[in-house]
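Listed below, chain by chain, are the residues.
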Amino acid sequence: MSANDLPPARSTSPAGGAPSAGQQPTTDALRDSAFLRACRREPVPHTPVWFMRQAGRSLPEYLKVREGVPMLESCMRPELVTEITLQPVRRHKVDAAIYFSDIVVPLKAIGIDLDIKPGVGPVVAEPVRRREDLARLRDLTPEDVSYVTEAIGMLTGELGATPLIGFAGAPFTLASYLVEGGPSRNHEHTKALMYGDPRLWADLLDRLAGITAAFLKVQIEAGASAVQLFDSWVGALSPADYRRFVMPASATVFAEVEGYGVPRIHFGVGTGELLGPMGEAGADVVGVDWRVPLDEAARRVGPGRALQGNLDPAVLFSTPEAVEAKTREVLDAARGLEGHIFNLGHGVLPTTDPDALTRLTEYVHTRTAR
Ligand code: CP3
């Protein structure tokens, strides 16, 4: 495995100061990458691009290396994780890598009986619905996920000046899988618990906030340059319920990793009405789906935060001309933003033509070159 097209790893610059114990050295080139500059709302040479779910979708090279390896097992093999994480960086020349894993990996690591079923998603053998079930959610230690530390160590060497984004599922979205027992359209069991036993709900989210924060810390200490908290399904809630039932736990996660100084990204789907409170929860960058134009999203999020988004992933199934036209709409709406990271409004859809993603990356880079 080699990242032929990637810049070589650089040695630590003395000007950069010593990295804290356990963290990978940060180079000037990495610190000055377009992605990290945009997260910090600094001027950029071009708008940085990466795609949620860029690693491990329809790429033929991904399907080849995954052959015969179940999803969760693939997340525990450092060489495989490294190869899959690098694949979209090599192919599309995106400005950041996202660590190949899944939001349920930390739950599996603490002993929750769950599996990822192809075409379905995470399925939990025994749903968490009663107070006695909380005992199954023990704290996560770095030893539980030593393969993550190992894989990120390998990755940062290969990536050089390309930032690596670590990630975790947010407490609400993880709770939804645990309480429902699997993917859910209406989140009825989750809401039944949230409204019917607010104390148990708060304790559940508190447990999950601890696990999530611990999982993000492992990734940052191993060398991740940024982290994203996926609250994919929180758009199912009203703003008032979000503030009361979810925001405290998500805010705890962001506060727990604040001291590392790495950018924190917060993303959810269908969250147009929640952008204000999601911005308040403590992230540096707020991810926006395709339903709200970025200029309007900036008004809702308020000043002091960069935005990430927000091309509809389904647009990539259209003609190259239509993709460019819709991309220009996104870039035009982003023109006055303090910081913009180009992304899709949700993850790459499984049957997306990989070449459409390569073309899109190049188009955004060319069009925004300053
Ligand atoms: O972004 C990346 O490319 C990194 C890898 C990544 C995966 N899952 C790999 C994966 C990331 C960031 C995730 C996050 C994730 N997982 C989220 C949040 C992002 C989002 O899309 O909203 C959620 C909700 C999950 C839970 C989950 N895991 C779902 C809904 C699915 C898809 C089920 C399916 O087959 O369509 C999974 C499985 C999964 N996670 C796969 C991959 C590559 C497919 C597994 C397989 O091919 O066997």
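The structure presented is a predicted model; accordingly, all values stated were derived computationally and were not measured. (Residues numbered from 1 in each chain as written. Predicted model: local features only at pLDDT ≥ 70, side-chain atom pairs only at ≥ 80, totals over all residues. Heavy atoms only, no water.)

Asker: Can you explain the overall build of the protein? Please cite residues and give values.
Answerer: For the protein, the count of helices and strands is 15 helices and nine strands. Computed over the C-alpha atoms, the radius of gyration of the protein is 19 Å, within 12% of the 21 Å expected from 2.2 N^0.38 for a compact globule of 370 residues. By principal-axis analysis of the C-alpha atoms, the protein measures approximately 55 × 40 × 40 Å. Across the 370 residues that make up the protein, the buried fraction comes to 56%. Nonlocal contacts in the protein, meaning residues at least 24 apart in sequence, comprise 73% of its contacts between residues at least 6 apart. In the form shown here, the protein has an accessible surface area of approximately 15000 Å², with 51% of it arising from carbon and sulfur atoms. For the protein, the distance from the average site of its 38 positive side-chain charges to the average site of its 46 negative ones is 2 Å. (Helix = DSSP H or I, 4+ residues; strand = E, 2+ residues; numbered from the N terminus. Rg over C-alpha atoms; globule rule 2.2 N^0.38 Å. Buried < 20%, exposed > 50% of the residue type's maximum accessible area, 1.4 Å probe, protein only. Contact = heavy atoms within 4.5 Å. Areas by Shrake-Rupley, 256 points an atom, 1.4 Å probe, with all protein chains shown as cover. Lys, Arg positive; Asp, Glu negative; His and termini not counted. Charge placed at Lys NZ, Arg CZ, Asp CG, Glu CD.)

Asker: Hey, could you go over the packing of helix H8 (residues 171–180) against helix H10 (residues 198–222) for me, with residue numbers and the actual values?
Answerer: For the pair H8 and H10, interaxial distance at closest approach is 9 Å and the crossing angle is 115°. In terms of their interaxial angle, H8 and H10 are classed as roughly perpendicular. Every pair of crossing elements has a handedness; the one defined by H8 and H10 is right-handed. Along the contact surface, H8 presents Pro171, Phe172, Leu174, Ala175, Leu178 and Val179, while H10 presents Trp201, Leu204, Leu205, Leu208, Ala209 and Thr212. Considered class by class, the residues forming the contact of H8 with H10 number eleven nonpolar, one polar and no charged. (Axes fitted to C-alpha atoms, helices over the stretch in contact; angles between N-to-C directions. Parallel < 35°, antiparallel > 145°, perpendicular 65-115°, else oblique. Left-handed = near helix turned anticlockwise from the far one by under 90°. Nonpolar A, V, L, I, M, F, W, Y, C, P; charged D, E, K, R; others polar.)

Asker: I'd love a proper account of the UniProt feature "binding site: substrate" (unreviewed entry) in the protein, names of residues and values included.
Answerer: UniProt tags Arg53, Gln54, Ala55, Gly56, Arg57, Asp102, Tyr177, Ser232 and His346 as "binding site: substrate" (unreviewed entry). Relative to the helices and strands, Gln54 is located in the loop between helix H2 (34–39) and helix H3 (60–66). Excluding residues within four positions of it along the chain, Gln54 makes contact with Leu59, Pro88, Val94, Ala96, Ala97, Ile98 and Val348. Within the secondary structure layout, Tyr177 lies in helix H8. Contacts of Tyr177, omitting those with residues within four sequence positions, involve Ile103, Pro122, Val124, Gly182, Pro183 and Trp233. (UniProt positions renumbered as here; feature names shortened; annotations may be inferred.)

Asker: Break down the site of the ligand for me, with residues and values.
Answerer: Near the ligand you find 26 residues, and of these Arg53, Ala55, Asp102, Ser232 and His346 are the closest. Within the side chain of Ser232, a nitrogen or oxygen atom sits 2.5 Å from an oxygen atom of the ligand. Between His346 and the ligand, the recorded distance is 2.7 Å, taken from a side-chain N or O atom to an oxygen atom. Relative to its free-state accessible area of 870 Å², the ligand is covered by the protein chains to the extent of 88%. Secondary structure elements with two or more residues in the shell around the ligand: H3 and strand E3 (121–124). Residue classes in the shell around the ligand are distributed as 16 nonpolar, seven polar and three charged. (Near = heavy atom within 4 Å. Polar contact = N/O pair within 3.5 Å; in protein donor to acceptor, adjacent residues only side chain to side chain.)

Asker: Mind laying out helix H5 (residues 78–92), listing which residues take part and the relevant values?
Answerer: Spanning 15 residues, H5 covers 22 Å between terminal C-alpha atoms, matching the ideal 21 Å at 1.5 Å per step. Residue Leu86 marks the point of greatest curvature in H5, where the axis turns by about 25°; the proline Pro88 follows within four residues. Burial analysis of H5 places 13 of its 15 residues in the buried class, the great majority of the element. Two residues or fewer past H5, Lys93 is found with a positive phi of approximately 60°. (Expected span 1.5 Å × (residues − 1). Bend = angle between axes of the 7 residues up to and from the residue.)

Asker: Mind laying out the UniProt feature "site: Transition state stabilizer" (unreviewed entry) in the protein, listing which residues take part and the relevant values?
Answerer: Residues annotated by UniProt as "site: Transition state stabilizer" (unreviewed entry) correspond here to Asp102. For Asp102, a relative accessible area of 15% puts it in the buried group. The contact partners of Asp102, leaving out residues within four places of it in the chain, are Met71, Cys75, Ile116, Pro122 and Phe167.

Asker: Can you explain the sheet that holds strand E6 (residues 264–267)? Please cite residues and give values.
Answerer: One open sheet holds the seven strands; their spatial order is E1-E4-E5-E6-E7-E8-E9, and the pairing between them is parallel. Each edge of the open sheet is held by one strand with a lone partner, namely strand E1 (97–98) and strand E9 (340–344). Pairing analysis gives five bridges linking strand E8 (residues 306–311) to E9, with the strands arranged parallel. Residue pairing across strands places Asn310 opposite Asn343, the latter belonging to E9. (Pairing = 2+ DSSP bridges.)

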